[in-house]
Amino acid sequence: MTVATGELRIETKANGGMSDLTNQVQDLVTKTGLREGIVVLFCPGSTGALSTVEYEPGLKKDIPNALERIAPKDRDYAHHATWGDDNGPGHVKATLLGPDLTVPFTKGILTLGTWQQIVFIECDTRGRERKLVVQIIGE
Amino acid sequence: MTVATGELRIETKANGGMSDLTNQVQDLVTKTGLREGIVVLFCPGSTGALSTVEYEPGLKKDIPNALERIAPKDRDYAHHATWGDDNGPGHVKATLLGPDLTVPFTKGILTLGTWQQIVFIECDTRGRERKLVVQIIGE
Amino acid sequence: MTVATGELRIETKANGGMSDLTNQVQDLVTKTGLREGIVVLFCPGSTGALSTVEYEPGLKKDIPNALERIAPKDRDYAHHATWGDDNGPGHVKATLLGPDLTVPFTKGILTLGTWQQIVFIECDTRGRERKLVVQIIGE
């Protein structure tokens, strides 16, 4: 058994924008030479989230729209009173979505469906460069 | 440490229908003979999700109802324009719920609560046969 | 590779109240002496959830408020008819949030962001003493 800890650097898009990480994650798994195990992705920040999606132009609108309904930007947020920030809805979205994703691989290949991609979801009010943790555990 | 990769095949129920996987997952853990570790469940598809619930008839209605409020079927979804599909709400629900679940086991037994079951949640507009990935890592 | 299974005991706060577990989880990782791996947190109950958040007074209001919008307490829940309970919304919230959280650590330190804490979210209608599963896998 081996543990390999690495990172991904990505450019993100504000307000629910999604970034497809699938190829980069598969490359990191391939480089380890491991055959069976898990890749654990983690966002070290409280306004970003990880999930999977069929990464196509329609859902790149539908997912942010659904998140906006859950935490609308025109509501009052107590978080804004604490810091003078404007990203209370982003914190709410990220905590509800969750910062982690675990994907098994077998024979060196991620066990994703054909129409399923690994995505980072930027919940903050501005895009930025993000560093994500990628840890691979397997044999 | 051992990694054992397997699968479960289940029949699912449309529009938020839940399937109780607890006994099948415990059986797979038992068959490995491992005592301490995790079972990672993963749905290789973008309209299904995994979580836990008290699996009883009331919540089998309440959970789908809550998901319908989050992504109502009578809204417009850009996903429908992309493919002519009708399952935009299902994609939204599945991405928000997440495709993965990790449950620790100790002394060979899943660490679930007494009134807590592992469930697959079918977010698509039709039930189907699904294959889920089950990977067990432990010693 | 080692698997260490332990537990945390916490006092929780009703209706979306959050408890910061970060220091206790880091202490458990430190005690194992492991350098690279994951900590898997799991709530063995169907009305509690785990996630991360910027743990500050504002979001301690905003997160419960958002959960209340997703599963309002004044709706009808079929769960109440099953048991005569009043915690249907809590079950819905917990299933949507999910009972598990996986956080990688490297060089013995959790890979959290500076403004990011690990939290338990009590979704039930009363606070209580809870026991959480903490399993650490690494080398």
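Residues numbered from 1 in each chain as written. Chains lettered and ligands numbered in written order. Predicted model: local features only at pLDDT ≥ 70, side-chain atom pairs only at ≥ 80, totals over all residues.

1. Notes on the overall build of chain A
Reasoning step 1: Scanning chain A for helices and strands turns up four helices and eight strands.
Reasoning step 2: Walking chain A from its N terminus toward its C terminus, one meets helices and strands in the order β-β-α-β-β-α-α-α-β-β-β-β.
Reasoning step 3: Here the C-alpha radius of gyration of chain A, 16 Å, is about what a compact globule of 139 residues would show, namely 14 Å.
Reasoning step 4: Dimensions of chain A along its principal axes, counting C-alpha atoms only, are 50 × 30 × 20 Å.
Reasoning step 5: Contacts in chain A between residues far apart in sequence, at least 24 positions, make up 83% of those at least 6 positions apart. (Helix = DSSP H or I, 4+ residues; strand = E, 2+ residues; numbered from the N terminus. Rg over C-alpha atoms; globule rule 2.2 N^0.38 Å. Contact = placed C-beta atoms within 7 Å.)

2. Here we look at the interface of chain C and chain A
Reasoning step 1: At the junction of the two partners, chain C supplies 32 residues and chain A supplies 27 residues.
Reasoning step 2: Mapped by element, the contributors of at least two residues to the side of chain C that touches chain A are β3 (37-42), β4 (48-53), α2 (59-70), β5 (100-106) and β8 (129-138) of chain C.
Reasoning step 3: A per-element tally of the side of chain C that touches chain A places α2 of chain C first, with six residues.
Reasoning step 4: Considering only residue class, the side of chain C that touches chain A consists of 15 nonpolar, 11 polar and six charged. (Nonpolar A, V, L, I, M, F, W, Y, C, P; charged D, E, K, R; others polar.)

3. As for the sheet that holds strand β7 (residues 117-122) of chain B
All names here are of chain B.
Reasoning step 1: The three strands lie next to each other as β2-β7-β4, forming an open sheet whose pairing is antiparallel. The open sheet is flanked by β2 (17-20) and β4 (48-53), the only strands paired with a single partner. The mean inter-strand angle of the sheet, taken between neighbouring strand axes irrespective of direction, is 35 degrees. (Pairing = 2+ DSSP bridges. Axes fitted to C-alpha atoms, helices over the stretch in contact; angles between N-to-C directions.)

4. Some details on the relation of the copies chain B and chain C
Reasoning step 1: Expressed as a screw operation, the relation of chain B to chain C combines 0.0 Å of axial shift with a rotation of 120 degrees, fitting to an RMSD of 0.0 Å. Such a turn and shift between the copies fits a three-fold axis. When C-alpha distances to the rotation axis are compared across chain B, the minimum falls at M1 of chain B, with a value of 3.8 Å.
Reasoning step 2: When you check the interface residues of chain B against chain C, a mere 16% turn up at the interface there too, and the two sides of the contact use different surfaces. (Least-squares fit on C-alpha atoms with pLDDT ≥ 70 in both.)

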